[in-house]
Amino acid sequence: MAYKKKKYDRRPTFAVLGAGHGGLAMAGHLAIMGFRTRLWNRSSERIESVVDRGGIEVEGVVEGFGRIELATSHMGEAVEDADVVMVVVPATGHRYVAERCSDFLTRDQTVVLNPGRTFGALEFLQVLKEQGVRQTPTIAEAQTFLYVSRHTDFARSRIMQVKNSVPLAAIAAHKTPEVLKSVNHAFPEFVAATNVLETSLDNIG
């Protein structure tokens, strides 16, 4: 019988939600590394340049052109069949994104808040439950954002720094190793935190 790889053993497909400074950097870097990458933004105007160019130009400590599989303002298109959903919006936008995701996420997916700020993962999970999601995905949060970056236009990002070590924790804490097995394919910089209390109360920024 052939061995079937588990989702965290194979290269994951990523959806990056948010096309601001951080989202462009992360999506561009993922695509340069060869990962299937989708990019979502609430307003279509902000991603028009990515659609026109077919991807994101990245410069700085990461150099290259990241070809984006899909750039869209339709949440369902972005998260469908994505293994890891990277939420890269300000903490004030977590509720909005959770509400828009609720009809499309599945229990087999992982959502990572970049970063969670103060109890962001708990809020995100609570919003999904308020929206009637019974079989919720695994929700995790990073303590701080992985990059120091700025976009120079809406399809070009300058990455000044990729941080060496960023703690990450899932709800519940015993799921953290599984999340890391998946995201470490792209980002070995993510390391295990004890739990979301640590990532929330020790956040930087």
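Everything quoted here is computed from the prediction, not taken from an experiment. (Residues numbered from 1 in each chain as written. Predicted model: local features only at pLDDT ≥ 70, side-chain atom pairs only at ≥ 80, totals over all residues. Heavy atoms only, no water.)

### Side note on helix H4 (residues 94–101)
Regarding H4, the residues found buried are His94, Val97, Ala98 and Cys101. Looking down the long axis of H4, one finds its buried residues gathered within 100° of arc, a one-sided arrangement. Buried-residue contacts for H4 involve strand S1 (14–17), strand S2 (37–40), helix H3 (75–79), strand S6 (84–87), strand S7 (110–113) and helix H5 (120–130). (Buried < 20%, exposed > 50% of the residue type's maximum accessible area, 1.4 Å probe, protein only. Helix = DSSP H or I, 4+ residues; strand = E, 2+ residues; numbered from the N terminus. Arc of directions from axis to C-beta. Contact = heavy atoms within 4.5 Å.)

### Comments concerning the packing of aromatic side chains
Using the criterion set out here, one finds 5 aromatic pairs in the structure. Each ring, one from Tyr147 and one from Phe187, has its centre 6.4 Å from the other, and the planes form 85°; the classification is edge-to-face. With Tyr147 in strand S9 (residues 147–153) and Phe187 in the loop between helix H6 (176–183) and strand S12 (190–192), this pair connects stretches of sequence that are 40 residues apart. Here Tyr147 matches Phe187 in class, with each residue buried. Feature note: the residues Phe14, Phe35, Phe145, Tyr147, Phe187 and Phe190 constitute an aromatic cluster, connected by ring pairs. (Phe/Tyr/Trp six-rings, centres within 6.5 Å; stacked < 30°, edge-to-face > 60°.)

### Remarks on the sheet that holds S9
Read from one edge of the open sheet, 4 strands run S4-S3-S10-S9, paired in mixed fashion. The open sheet has two free edges, formed respectively by strand S4 (64–67) and S9, since each of these has just one partner strand. Across this sheet, the average inter-strand angle for adjacent strands is 30°, counted without regard to direction. On top of the sheet, helix H1 (residues 21–32) reaches strand S3 (55–60), S4, S9 and strand S10 (156–162); it is set at about 95° to S9, its chief contact. (Pairing = 2+ DSSP bridges. Axes fitted to C-alpha atoms, helices over the stretch in contact; angles between N-to-C directions.)

### Digging into the packing of H4 against H5
Orientation of H4 relative to H5, taken along the N-to-C sense of each, is 35°, at an axis distance of 9 Å. Judged by the twist between their axes, the crossing of H4 over H5 is right-handed. Along its contact with H4, which presents His94, Arg95, Val97, Ala98, Glu99 and Cys101, the element H5 presents Gly120, Glu123, Phe124, Val127, Leu128 and Glu130. (Left-handed = near helix turned anticlockwise from the far one by under 90°.)

### What to know about the pairing of S4
Of the pairings in the sheet, the one linking S3 to S4 comprises 4 bridges and is antiparallel in character. Bridge pairing in S4 places Gly55 opposite Arg67. Between S3 and the antiparallel strand that follows it, S4, lie 3 residues.

That is the geometry; function is a separate question.
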